[in-house]
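A structural walkthrough
Spelled out, the chains give:
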Amino acid sequence: MNPSKEQAIELVENVRIAHRLSVGFYQRMMPTFDAAAEALDCEFWYWEPVFTARPAASGTRPTRKWLWDMMPLFASRHVYRKVAGGPLQKGDVALSFCLYLDDGFKPEKRKAAGAKGDPDPVLLPAGASVLELELYRASADGGGTFDAIWDKAGAPDTKQAAWHAVHENLQGCWLSMPLADVVHDPDGLVTAIRQQLVTPLSE
């Protein structure tokens, strides 16, 4: 059944407001990642949607793809690094900011909720808004270039609080914090990362 004229007006108005709020939020959050990385002497490397494809190309009808693909920052990874270049060197670092506006969109949570295929945004249970950090650092020299090792390395174990091997000569560490905390105290994000980076390498 179609909505009433009043309901349609309210719906369109809410969507307009939601899009403006979204842009305003990203205008604040993306520079927060840049500033945190720069404070740690890292530079931007790449970004990607985590669970969706990038928006449909200009010649692809949007309805042939998930409409979630049109919200690429909704669940996205933003990677920065500080590397010497050439073969891996102790001191090479990478920071991966994983932004989840709603972690209920994670595949395992969608599956647990019984959602199949393109999830219905109305029926999908709401999750938490979190920033997950995947930190990486070289534990020894050699073993290939940083890029080559990065391509083969696994993600840090979310059940381990300490640094641990994710590949030969590369260690990883995982942190998570509520997104509201990051918005409220961006400096706390830098402090949390810096504290991890100065802890001793694990054996």
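Below, the structure is looked at part by part. This structure is a prediction, so every number in the text was calculated from the model and none was measured.

Time to look at the packing of helix α1 (residues 5-39) against helix α5 (residues 186-197). One can describe the packing of α1 onto α5 by two numbers: an axis separation of 10 Å at closest approach and a directional angle of 40°. Accordingly, the angle class assigned to the pair α1 and α5 is oblique. The chirality of how α1 crosses α5 is right-handed. On α5, the residues that touch Thr 32, Ala 36 and Ala 39 of α1 are Pro 186, Leu 189, Val 190 and Arg 194. Here the contact of α1 with α5 is composed, by residue class, of 5 nonpolar, 1 polar and 1 charged.

Okay, the state of the cysteines next. For the coordinates displayed, the defined rule picks out 0 disulfides. Cys 98 takes part in no disulfide bond, and the closest cysteine sulfur to it belongs to Cys 173, at a distance of 13 Å. Note on Cys 98: relative accessible area 1%, which makes it buried. Assessed through its relative accessible area of 0%, Cys 173 is described here as buried.

Moving on, we come to the nonpolar core. In this structure, Leu 95, Phe 97, Leu 131, Leu 133, Leu 135, Leu 189 and Ile 193 are the most contacted members of the largest nonpolar core, which totals 26 residues. Broken down by secondary-structure element, the contributors of at least two residues to this core are α1, β3 (93-100), β4 (130-138), β6 (170-178), α4 (179-184) and α5. Counting 11 residues, the second largest nonpolar core, distinct from the first, contains Ala 138, Phe 146, Ile 149 and Val 166.

Conventions and cut-offs
Residues numbered from 1 in each chain as written. Predicted model: local features only at pLDDT ≥ 70, side-chain atom pairs only at ≥ 80, totals over all residues. Heavy atoms only, no water. Axes fitted to C-alpha atoms, helices over the stretch in contact; angles between N-to-C directions. Helix = DSSP H or I, 4+ residues; strand = E, 2+ residues; numbered from the N terminus. Parallel < 35°, antiparallel > 145°, perpendicular 65-115°, else oblique. Left-handed = near helix turned anticlockwise from the far one by under 90°. Contact = heavy atoms within 4.5 Å. Nonpolar A, V, L, I, M, F, W, Y, C, P; charged D, E, K, R; others polar. Disulfide = S-S within 2.5 Å. Buried < 20%, exposed > 50% of the residue type's maximum accessible area, 1.4 Å probe, protein only. Core = buried A, V, L, I, M, F, W, Y, C linked by side-chain atoms within 4.5 Å.

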